[in-house]
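Structure at a glance
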Amino acid sequence: MKNAISCGGVVIHKGKILLLYKNYGDKYSGWVLPKGSMEEGETFEMTAVREVKEETGADAEIIKYIDETSFEFNSSEGRINKHVKWFLMKSRSYFSKPQRSEYFEDSGYYKYHEAYHLLYFNNERQILEKAFEEYKKIRRENILKGQE
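Below, the structure is looked at part by part. Computed from a predicted model, the values in this text were never measured in an experiment.

Brief notes about the packing of aromatic side chains
The final tally for this structure, using the stated rule, is 13 aromatic pairs. A ring pair is formed by Tyr-21 and Trp-31, whose centres lie 5.3 Å apart and whose planes are at 65 degrees; its orientation type is edge-to-face. Note that Tyr-21 is positioned in strand 2 (residues 16-23) and Trp-31 in strand 3 (residues 29-32), a separation of 10 residues in sequence. Counting every residue linked through ring pairs, the aromatic cluster contains Tyr-24, Tyr-28, Tyr-103, Tyr-120 and Phe-121. Between Lys-22 and the ring centre of Tyr-24, over which it is positioned, the NZ or CZ distance is 4.8 Å.

A few points about the pairing of strand 3
Pairing of strand 2 with strand 3, which is carried by 4 bridges, proceeds in the antiparallel orientation. Its bridge partner being in strand 3, Lys-22 is matched across the sheet by Gly-30. Count of turn residues in the strand 2/strand 3 antiparallel hairpin: 5 residues, of which Gly-25 carries a positive phi of about 60 degrees.

Details of the pattern of salt bridges
The final tally for this structure, using the stated rule, is 13 salt bridges. Note that Glu-54 and Arg-50 form a salt bridge whose closest N and O atoms lie 3.2 Å from each other. Residue Glu-54 and its partner Arg-50 are both found in helix 1 (residues 44-56); the two are separated by 4 residues, about one turn of the helix. The partly exposed category is assigned to Glu-54, whose relative accessible area is 36%. In this structure, the salt-bridge partner of Lys-136 is Glu-133, at a minimum N-O distance of 2.9 Å. Taken as a pair, Lys-136 and Glu-133 lie in helix 3 (residues 122-144) at a separation of 3 residues, close to a single helical turn. Given the relative accessible area of 32%, Lys-136 is considered partly exposed. Accessibility expressed as a relative area gives 45% for Glu-133, which makes it partly exposed.

About the criteria used
- Residues numbered from 1 in each chain as written.
- Predicted model: local features only at pLDDT ≥ 70, side-chain atom pairs only at ≥ 80, totals over all residues.
- Heavy atoms only, no water.
- Phe/Tyr/Trp six-rings, centres within 6.5 Å; stacked < 30°, edge-to-face > 60°.
- Helix = DSSP H or I, 4+ residues; strand = E, 2+ residues; numbered from the N terminus.
- Lys NZ or Arg CZ within 6 Å of the ring centre and 35° of its normal.
- Pairing = 2+ DSSP bridges.
- Salt bridge = Lys/Arg side-chain N within 4 Å of Asp/Glu carboxyl O.
- Buried < 20%, exposed > 50% of the residue type's maximum accessible area, 1.4 Å probe, protein only.

The following block contains the structure:
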C-alpha cells in the first residue's frame, strides 16, 4: 500500500464556509472541502493555501492547524492510504470559482448547519465541526479584546 499526503482548508468568510461541488463521474458526486496533494518542496501550509487557491480561486490565509484525517482508496497505482492535514483558514471575500479541470462544478459559502449537512464525506463533517468550534473560540477572544 502506498502512502500519500494532501492538505486542505476549512475556509471561512464572515461565518460562512466555502464548499465545492465535485462530480467525479461514476465514483461520487457531492460537496467537499478544498484539498489536494503536496508538491515537492512544499510545507503542509503552502500546500493548503495553494490548493484552496487552485480549486476555489479564493485568496485565503491560515489561522491555525486543525487535525488530520485518513482514508484508503483504490487507484491505478494500487491501494492508497491518504493522510489529509487540515487548516482553519479565512478568506478576504465571498469570491470563489470552481476549478473545472478537477471536476468541480460549483462552489459557494454556506452557513455552518447547511455546510455540515451538504458535505459528502463524514470525516470532512468531523473536521468542519472542529474547525468551526475553533473559529467561534477565536472570534469570542477577539471580541473580548475589542479587535472585532
